[in-house]
Amino acid sequence: MRLDKFISSQRTDLSRNDVKALVKKGLVTVDGQTVKKSNVHIDENTARVTVNGEEIAYRQFLYLMLNKPQGVVCSTKEGACPTVIDIIPEEYRRPGLFPAGRLDKDTEGFVLLTDDGQLAHRMLSPVSHVPKRYFVRLEKPCEPRYKDAFENGMTIDGGEKCLPAEIVFLDNDNECEVVLHEGKFHQIKRMFEALDNRVIYLKRTMIGSLPLDDTLPLGEVKEIEDIAALC
Ligand code: URA
């Protein structure tokens, strides 16, 4: 891979022009030697590259935490609405990046964007049961009977049987947290409809054991370091 491409793919704060300028200043080394040109080719799997004295660890795949706002669709295909790919900064867009798991257009919160197909497959496989936590606001107050209904595995419209799920009631009677171990279409909305209630706001707050960073503003992304927490 070209050195400038390698560095800017690993350090998304540096454009290829930035890399060129750093090389000119003698601030980039490959295997201990200061390089003179930013277009030299390196073996990205073995080369030891430093920028400003800091070593760049090679990461083949990108893992992004997006705090998805409402009105954005979890798709890679262009349509009438902006997609999760449209709203991320240019420097993160790369071939093969896609949302690993979908949220509805009107649901907010944690979406994993990655180009690591294997990890996504592991996470999304129906046998993996990676937990996903949601904050839910309902039209009507929660009722104690919801607990058993969730824990026993509900049957929702169309006769679909859900896996056991957890529900935690919050201080506000109309709010709760739900943890699912699967991802059926509109699942939480359909579960509450089956209980004669209606979801008026939904946000995903955790995938696996990785919580959504609560300092991450809606519509923004950050790189995930702790991949192991995802599944
Ligand atoms: N359940 C829903 O109903 N919608 C989502 O977006 C996620 C879970």
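Residues numbered from 1 in each chain as written. Predicted model: local features only at pLDDT ≥ 70, side-chain atom pairs only at ≥ 80, totals over all residues. Heavy atoms only, no water.

(A) Structural detail: the site of the ligand. Near the ligand, the surroundings consist of Leu103, Asp104, Thr107, Tyr134, His186, Gln187, Ile188, Lys189 and Leu202. Note that an oxygen atom of the ligand is positioned 3.3 Å from one of the backbone N or O atoms of His186. Protein chains shield 95% of the accessible area of the ligand, which is 240 Å² for the free molecule. A molecule is said to occupy a pocket when more than half its atoms come within 2 Å of that pocket's grid points, and by this definition the ligand occupies the largest pocket. Counting residues per element, the shell around the ligand draws most heavily on helix 5 (residues 187-194), at 3 residues. In the shell around the ligand, the residues fall into 4 nonpolar, 3 polar and 2 charged. Looking at which domains feed residues into the shell around the ligand, each of domain 2 (63-126 + 210-230) and domain 3 (132-207) gives three or more. (Near = heavy atom within 4 Å. Polar contact = N/O pair within 3.5 Å; in protein donor to acceptor, adjacent residues only side chain to side chain. Areas by Shrake-Rupley, 256 points an atom, 1.4 Å probe, with all protein chains shown as cover. 1 Å grid on protein atoms, 1.4 Å probe; cavity = no way out; pocket = protein on both sides within 12 Å on 5 of 7 lines; lining within 4 Å. Sits in = over half its atoms within 2 Å of the grid points. Helix = DSSP H or I, 4+ residues; strand = E, 2+ residues; numbered from the N terminus. Nonpolar A, V, L, I, M, F, W, Y, C, P; charged D, E, K, R; others polar. Domains from an automatic or database assignment.)

(B) The arrangement of the layout of surface pockets in detail. In this structure, the largest pocket spans a volume of roughly 640 Å³. Lining the largest pocket are 31 residues, with Arg102, Glu182, Gly183, Lys184 and Phe185 sitting closest to its centre. Secondary structure elements with two or more residues in the lining of the largest pocket: strand 6 (98-99), helix 3 (117-124), strand 8 (132-138), helix 5 and strand 13 (199-207). Per-element tally for the lining of the largest pocket: the top contributor is helix 5, with 3 residues. Counted by class, the lining of the largest pocket contains 14 nonpolar, 9 polar and 8 charged residues. Both domains that meet at the lining of the largest pocket, namely domain 2 (63-126 + 210-230) and domain 3 (132-207), each give it at least three residues. As a volume, the second largest pocket reaches approximately 390 Å³. Residue lining of the second largest pocket: 18 residues in total, with Lys5, Ser8, Ser9, Glu91 and Arg94 positioned closest to the centre. (Points joined across faces, edges and corners; volume = space filled by probe spheres on them.)

(C) The sheet that holds strand 4 (residues 54-55), seen in detail. Taken in spatial order, the 4 strands of this open sheet run 2-1-3-4, and their pairing is antiparallel. Unpaired on one side and paired on the other, strand 2 (33-34) and strand 4 mark the two borders of the sheet. Here strand 1 (residues 28-30) pairs with strand 3 (residues 49-51) via 3 bridges, running antiparallel. Bridged to Val28 within strand 3 is Val51. Those strands touched by helix 1 (residues 3-10) are strand 1 and strand 3, and its axis lies near 65 degrees from that of strand 3. (Pairing = 2+ DSSP bridges. Contact = heavy atoms within 4.5 Å. Axes fitted to C-alpha atoms, helices over the stretch in contact; angles between N-to-C directions.)

(D) View of the pattern of salt bridges. Here the structure, examined in full by the defined rule, presents 18 salt bridges. Arg2 is the partner of Asp4 in a salt bridge, and the nearest nitrogen-oxygen pair spans 2.6 Å. Among the residues examined, Asp4 registers a relative accessible area of 4% and is labelled buried. Classification of Arg2 by relative accessible area gives partly exposed; the value is 32%. (Salt bridge = Lys/Arg side-chain N within 4 Å of Asp/Glu carboxyl O. Buried < 20%, exposed > 50% of the residue type's maximum accessible area, 1.4 Å probe, protein only.)

(E) Highlighting the environment of Asp86. Within the secondary structure layout, Asp86 lies in the loop between strand 5 (63-68) and strand 6. For the pair Asp86 and Ile200, spaced 114 residues apart in sequence, the C-alpha to C-alpha distance is 26 Å. Ignoring anything within four residues of it in the chain, the contact list for Asp86 reads Cys81 and Arg93. Polar contacts involving the side chain of Asp86 include one to the main-chain amide nitrogen of Thr83, which spans 2.9 Å.

(F) Here's a closer look at unusual backbone geometry. At Asp31, a position not held by glycine, the phi torsion is positive, near 50 degrees. Structurally, Asp31 can be placed in the loop between strand 1 and strand 2. In this structure, Asp196 is a non-glycine residue whose phi angle is positive, near 65 degrees. Structurally, Asp196 is set in the loop between helix 5 and strand 13.

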